[in-house]
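# A structural walkthrough
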Amino acid sequence: MSSPDTAAVVRSTAFALALFVAPGLLAAQQPRDPRTEVARPETQREVELKAATVSDPANVANWLELATLQEARGAVDEVERTFKAAQAAAVGPDRRVLTAAASFYTRQAQFDKSIEALQAAADLNPIDPLGHHLVATYYWEKAFKDHSLTPAEKLTYIDGGLAATDRALAQKADFADAMTYKNILLRMKAQHEPDPARRDALIAEADAWRTQAMQLRPSQGTPMQTGAPVPPPLPAPGAPVRVGSIIKTPAKVQHVSPVYPQEAQDARVSGMVIIEVMIDAEGNVSDARVLRSIPMLDQAALDAVKQWRFQPTVLNGAPVPVIITVTVNFTLQ
C-alpha cells in the first residue's frame, strides 16, 4: 500500500499533468505510414525542371518545384534524390532545401531524417533561436503523439526536445515560446520518473518556466513564431487556380470555429495558424495544409477549416477549383 506522502505525490503529479494534456489527446495516435502507391509517370514539367537544374543548378526554386511534383505523383524515392542533388549542387547547405526536406520526411513518417534535416538547417545559423525551437517542437510532437514508442524511446525524444529548448534559450533568454515547450517537456519527463523527489523537482522546474512564459506574454497572448518550414504548394488535381488580382477570394458561406485545445490554453499557447486551402468547384474544402505552424494548435485549425464552405468560383462561365490562404486565430481569454 502506498504511503500518504507517495499518494499525495501521485495525486499532485496527475493534477499537474492534467493541466497540460487534454484527455482526448491521450488516445493512441499512430504515426503516419509512408506513401506506398505506385508512382505515376513523369510529367513534362518535371522534364523541363530537370533541364533547368542542369543549366542553373544554383536556382533552388527549380529543385523545390521538381521535388513537389515528384511527391505529388508518388515518386518518393525520386524526391529524396532530388533533395540530395540540390544540396550537392548548391554552394554549401541551403536552409530552404533542408526545411523542405524535413517537411517531406515528416509526411513520410521518417522522423529521424526529418530531425537531421531540421538540425542541419538550425546549425546554418546557430545564433538564431527559432531554428533550435523548431527542432524542439518536432521532438515534442514525436514524444507526445507516437504511442508506439517504448518508455525509453519516448524519454530519448523528450531529452532531445529539452536540449533543443536549451539551445534556443541560450540565444534568447526571454524566448517565451521556448519556455512554454520546456515546461511541457519537463512535465512529460516527470511522467516517466519513478523517484518521487526527482519527479517533484521536474514539476517544480516546469512550474517556474511556465510562470516566466506567462509573465512575458501579454494577457491576450502573442503569435508563436516557430519558424516552421513552409511546405511545398498543394498538389493540383483538376488544375485549381490560385486567387489573386483576377480571381477574387470566394465568399465563405459556412464557418466553423476551431476548438481551442485545453492543453494549449493551460500552457498559454496562442497565436495564428496560416493554412493553404484547396476549394473544389462546388465550394467544399477538398484539401488543406499548414503553412505557418503552431504545433499545439495546427490540428484544431485544420479540423475547423475542413468544415468551411464557400461560394463556387466561376471562371469563363464555369465553376473552377481554387487555392486560397486563410488564417485561424487562437486568443487566450
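Parameters and conventions
- Residues numbered from 1 in each chain as written.
- Predicted model: local features only at pLDDT ≥ 70, side-chain atom pairs only at ≥ 80, totals over all residues.
- Heavy atoms only, no water.
- Core = buried A, V, L, I, M, F, W, Y, C linked by side-chain atoms within 4.5 Å.
- Buried < 20%, exposed > 50% of the residue type's maximum accessible area, 1.4 Å probe, protein only.
- Domains from an automatic or database assignment.
- Pairing = 2+ DSSP bridges.
- Helix = DSSP H or I, 4+ residues; strand = E, 2+ residues; numbered from the N terminus.
- Axes fitted to C-alpha atoms, helices over the stretch in contact; angles between N-to-C directions.
- Parallel < 35°, antiparallel > 145°, perpendicular 65-115°, else oblique.
- Left-handed = near helix turned anticlockwise from the far one by under 90°.
- Contact = heavy atoms within 4.5 Å.
- Nonpolar A, V, L, I, M, F, W, Y, C, P; charged D, E, K, R; others polar.
- Expected span 1.5 Å × (residues − 1).
- Arc of directions from axis to C-beta.
- Salt bridge = Lys/Arg side-chain N within 4 Å of Asp/Glu carboxyl O.
- pLDDT = per-residue confidence, 0-100.
- Phe/Tyr/Trp six-rings, centres within 6.5 Å; stacked < 30°, edge-to-face > 60°.

## Remarks on the nonpolar core
- Residues Ile275 and Val277 are the most contacted members of the largest nonpolar core, which totals 74 residues.
- Two domains each donate at least three residues to this core, and these are domain 1 (44-216) and domain 2 (241-330).

## Digging into the sheet that holds strand S8 (residues 322-330)
- Pairing in this open sheet of 4 strands is mixed, and the strands run S1-S8-S3-S4 from one edge to the other. On the outer flanks of this sheet lie strand S1 (241-242) and strand S4 (285-292), each paired with one strand and no other.
- With 2 bridges connecting them, S1 and S8 associate as parallel partners. Each bridged residue has a counterpart across the sheet, and for Val241 the counterpart in S8 is Val322.

## Considering the pairing of strand S3 (residues 271-279)
- In terms of burial, S3 is largely enclosed, as 8 of its 9 residues are buried.
- Alignment of S3 against S8, held across 9 bridges, turns out to be antiparallel. Within S8, the position partnered with Val277 by the bridge is Ile324.
- Note: S3 against S4, 6 bridges, orientation antiparallel. For Ile274, the partnering residue across the bridge sits in S4 and is Arg292.
- Taken together, S3 and the strand that follows it, S4, pair antiparallel across an intervening segment of 5 residues, in which Gly283 is found at a positive phi of about 95°.

## Section: the packing of helix H9 (residues 176-191) against helix H10 (residues 196-216)
- Where H9 meets H10, the axes come as close as 8 Å, and the angle between the chain directions of the two elements is 160°. For the element pair H9 / H10, the angle class is roughly antiparallel. For the pair H9 and H10, the sense of crossing is left-handed. For the pair formed by H9 and H10, the contact residues are Ala176, Met179, Thr180, Lys182, Asn183, Leu186, Arg187, Lys189 and Ala190 on the first element and Arg199, Leu202, Ile203, Glu205, Ala206, Asp207, Trp209, Arg210, Gln212, Ala213 and Leu216 on the second.
- For the contact of H9 with H10, the per-class residue count stands at 10 nonpolar, 3 polar and 7 charged.

## As for the side chain of Thr313
- Tracing the backbone through its elements, the reader meets Thr313 in strand S6 (residues 313-315).
- What makes Thr313 buried here is its relative accessible area of 8%.
- Excluding anything up to four places from it in sequence, Thr313 contacts Ile247, Pro250, Ala318, Pro319, Val320 and Val322.

## Quick notes on the environment of Pro312
- Turning to its location among the elements, Pro312 is positioned in the loop between strand S5 (309-310) and S6.
- For the pair Pro312 and Ala251, spaced 61 residues apart in sequence, the C-alpha to C-alpha distance is 8.5 Å.
- Discounting chain neighbours no more than four positions away, the residues touching Pro312 are Ala281, Glu282 and Gly283.

## Let's talk about unusual backbone geometry
- With a phi close to 60°, Ala109 is a non-glycine residue in the positive phi region.
- Structurally, Ala109 can be placed in the loop between helix H5 (95-107) and helix H6 (111-124).

## Comments concerning the environment of Val256
- Following the sequence through the fold, Val256 ends up in the loop between strand S2 (252-254) and helix H11 (262-266).
- Separated by 45 residues in the primary sequence, Val256 and Ala301 have C-alpha atoms spaced 9.9 Å apart.
- In contact with Val256, other than residues within four places in its own chain, are Ala304, Gln307 and Trp308.

## Comments concerning helix H4 (residues 76-89)
- For H4, with 14 residues, the first-to-last C-alpha span of 20 Å sits near the 20 Å given by 1.5 Å per residue.
- Within the span of H4, buried status applies to Val76, Val79, Glu80, Thr82, Phe83 and Ala86. The buried residues of H4 occupy an angular sector of 155° when the element is viewed end-on, so they sit on one face. Structural note: H4 exposes Asp77, Arg81, Lys84 and Ala88 on the side pointing more than 90 degrees away from its buried face.

## What to know about the pattern of salt bridges
- Counted by the stated rule, this structure contains 14 salt bridges.
- Between Arg45 and Glu65 there is a salt bridge, with the nearest N and O atoms lying 2.9 Å from each other. Note that Arg45 is positioned in helix H2 (residues 44-55) and Glu65 in helix H3 (residues 60-72), a separation of 20 residues in sequence.
- Given the relative accessible area of 31%, Glu65 is considered partly exposed.
- Linking Arg187 and Asp207 is a salt bridge whose minimum nitrogen-to-oxygen distance equals 2.3 Å. Placement of the pair is Arg187 in helix H9 and Asp207 in helix H10, with a sequence separation of 20 residues.

## A word on the confidence of the model for the chain
- Across the chain, pLDDT averages 79, with 80% of residues at or above 70.
- Within the model, the stretch residues 219-237 combines pLDDT values under 50 with 65 contacts to residues more than four positions away or in other chains.

## Focus: the packing of aromatic side chains
- By the definition in use, this model includes 9 aromatic pairs.
- Relative to Tyr139, the ring of Phe111 lies with its centre 5.8 Å away and its plane at 65°, an arrangement referred to as edge-to-face. Of this pair, Phe111 sits in helix H6 while Tyr139 is found in helix H7 (residues 129-145), placing the two residues 28 residues apart along the sequence. The residues Phe111 and Tyr139 share a single accessibility class, namely buried.
- Ring centres of Tyr260 and Phe330 lie 5.3 Å apart, and the angle between their planes is 75°; this geometry places the pair in the edge-to-face category. Note that Tyr260 is positioned in the loop between S2 and H11 and Phe330 in strand S8, a separation of 70 residues in sequence.

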